[in-house]
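# Examination of the molecular architecture
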Amino acid sequence: MAQGLASMNVQDIHVVVTSNFAKTVAQMTGNTSYTADRGGGMVAAKTVSGPEGSVVVVNYDVLPSRPPADVQRILAHEGGHVLIDARSTEETSGNRDSTETDWEWCLKCLGAQAIVELRIERSLAELGYAAVEGTEPSSVEHSLLITNVEVVNAVIDPASDDPAHLQAALLTTLNHVTKMLAYIAAPLAAGQSIFSPALLSLEGRANWVDYVAPTWQQRTAFWSSIPSVTEPIPVRPWRTTLRDSAMLEQALLSNFGFAFSTLSDGRYGFYRTSSDDTFTQRLQRACKQTDTQPE
Ligand SMILES: [Zn+2]
């Protein structure tokens, strides 16, 4: 563990290893609904920042199944969060513009979280750590399938007659996708080529083309311009990065087939913009990949 933190030049940090991980994080963050389950996987560690600095909380339950190199990597990743926390000016909070609507702020926060992961993972790639799990083609294939299923389900779901429900579902999916893209893009930004959509199945490629490809070049060019976590970003360029990032995520949402629109009285709407034909094709593709029949 100490090696992982040391590789990111993090010293004198408080590490808690607990078999009561979710409850400990919930208590320390005040987020009572915190859980460690992430779609079949478990969160291995979380860095919690407080007035007395950062504490890295490690989930003891996942350690026995991991080789030592994995444990070192987990701690190196959390070391990146510690570096960002310690600088305190490279987070999202405090960077909301006065003219920003709630939805613009929401996309900015979502984009910023992905950038934090990107910057940390880029450092790890530069230090020679192996790519994080979830970036191998079979995992990307699965993530894209889940993306397609979630987007289609959000539209079919009767509860989505309420636009707030539709919006929440889409933003949850968007959040997962941007993080996955950050993990894929980080080694690319460090000059290593580990992923190509050509490694996906026919349907996997179709999902990639549908959801990711239209903004991928723009995303990798923008993200490659952001330094890794070991290099501080001054406040002004960081704010510009956050604004650009909100626009990029807006473009991704548009690709998914949805858009926000601010009304003259300051309220906003959330709309589906893609055609029924597009969604029929997505549904058919999801059924083909999951071997089910449309109802
Ligand atoms: Zn992280």
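Note on numbering: residues in each chain are counted from 1, in written sequence order. Two thresholds apply to this predicted model, a pLDDT of at least 70 for residue-level local features and 80 or more for giving and counting side-chain atom pairs, whereas whole-chain, interface and lining totals are computed over all residues.

## Considerations on unusual backbone geometry
Definition in use: Segments assigned H or I by DSSP are reported as helices when at least four residues long, segments assigned E as strands when at least two residues long, and all are numbered from the N terminus. Exposure is read from a count of other C-beta atoms within 10 Å of each residue's own; the residue is exposed at 12 or fewer, buried at 20 or more and partly exposed in between. C-beta atoms are placed from the backbone.
Notably, Asn 9 is not glycine yet its phi reads approximately 60°, a positive angle. On the secondary structure map, Asn 9 appears in the loop between helix 1 (2-7) and strand 1 (14-18). The exposure class of Asn 9 is exposed, given the 10 C-beta atoms found within 10 Å. A positive phi angle, near 65°, is found at Ser 88, a position not held by glycine. Looking at where Ser 88 falls in the secondary structure, it is placed in the loop between helix 3 (68-87) and helix 4 (102-126).

## Things to note about the sheet that holds strand 1
Keep this limit in mind: In this description, strands pair whenever DSSP reports at least two bridges between them. Axis lines are fitted to C-alpha atoms, over the contacting stretch for helices. Their N-to-C directions set the angle, which ranges from 0 to 180 degrees. Here the contact rule is simple: place C-beta atoms from the backbone, and any two residues whose C-beta atoms are within 7 Å are in contact.
Pairing in this open sheet of 3 strands is mixed, and the strands run 1-5-4 from one edge to the other. Bordering the open sheet on either side are strand 1 and strand 4 (45-50), each of which pairs with just one other strand. Between one strand axis and the next, the sheet turns through 25° on average, direction left out of account. Two elements, strand 1 and strand 5 (residues 53-59), share 5 bridges in a ladder whose sense is parallel. Bridge pairing in strand 5 links Thr 18 to Asn 59. Its contacts with the sheet put helix 2 (residues 21-29) on strand 1, strand 4 and strand 5, and the angle it makes with strand 5 is roughly 160°.

## Focus: the domain arrangement of the chain
Test applied: Either an automatic procedure or a domain database provided the assignment from which the domain bounds are taken. In this classification, the charged set is Asp, Glu, Lys and Arg, the nonpolar set is Ala, Val, Leu, Ile, Met, Phe, Trp, Tyr, Cys and Pro, and all remaining amino acids, among them Gly, are polar.
Domain boundaries assigned for the chain yield domain 1 (1-88) and domain 2 (98-295). For domain 1 and domain 2, the distance between their C-alpha centroids amounts to 25 Å. At 8 residues, helix 3 tops the list of elements feeding residues into the side of domain 1 that touches domain 2. Class assignment for the residues of the side of domain 1 that touches domain 2 results in 4 nonpolar, 4 polar and 2 charged.

## Things to note about the environment of Gly 128
Examined against the element boundaries, Gly 128 turns out to sit in the loop between helix 4 and helix 5 (137-156). Each C-alpha atom of the pair Gly 128 and Pro 187 lies 9.9 Å from the other, and the pair is 59 residues apart in sequence.

## So, the pairing of strand 6 (residues 258-262)
Sheet topology note: the strand 6/strand 7 (residues 268-272) ladder contains 5 bridges and is antiparallel. Residue pairing in the sheet places Ser 261 in a bridge with Gly 269 of strand 7. Where strand 6 folds back onto strand 7 in an antiparallel hairpin, the turn is made up of 5 residues, including Gly 266, whose phi is positive at roughly 95°.

## Let's talk about the packing of helix 7 (residues 202-224) against helix 9 (residues 276-290)
What counts here: Geometric relationships in this document are graded by angle, where less than 35 degrees denotes roughly parallel, more than 145 denotes roughly antiparallel, 65 to 115 denotes roughly perpendicular, and other angles denote oblique. In a left-handed crossing the near helix is turned counterclockwise from the far helix by less than a right angle, and in a right-handed crossing that turn is clockwise.
At a minimum axis separation of 10 Å, helix 7 and helix 9 run at an interaxial angle of 150°. Taken together, helix 7 and helix 9 sit at an angle that is classed as roughly antiparallel. Crossing of helix 7 over helix 9 shows left-handed handedness. Between helix 7 and helix 9, the contacting residues are Glu 203, Ala 206 and Asp 210 on the first element and Arg 282, Arg 285, Lys 288 and Gln 289 on the second. The class makeup of the residues in the contact of helix 7 with helix 9 is 1 nonpolar, 1 polar and 5 charged.

## Points about the nonpolar core
What counts is decided by this rule: To count as a nonpolar core, a set of buried Ala, Val, Leu, Ile, Met, Phe, Trp, Tyr and Cys residues must be joined through C-beta atoms within 7 Å.
Leu 174, Leu 181, Ala 185 and Phe 256 are the most contacted members of the largest nonpolar core, which has 60 residues in total. Those elements giving two or more residues to this core turn out to be helix 2, strand 5, helix 3, helix 4, helix 5, helix 6 (163-189), helix 7 and helix 8 (235-256). If one sorts the elements of this core by residue count, helix 6 sits on top with 12 residues. Here this core gathers at least three residues from each of two domains, domain 1 (1-88) and domain 2 (98-295). Setting aside anything within four residues of it in sequence, one finds Phe 256 in contact with Val 151, Leu 170, Leu 174 and Tyr 211.

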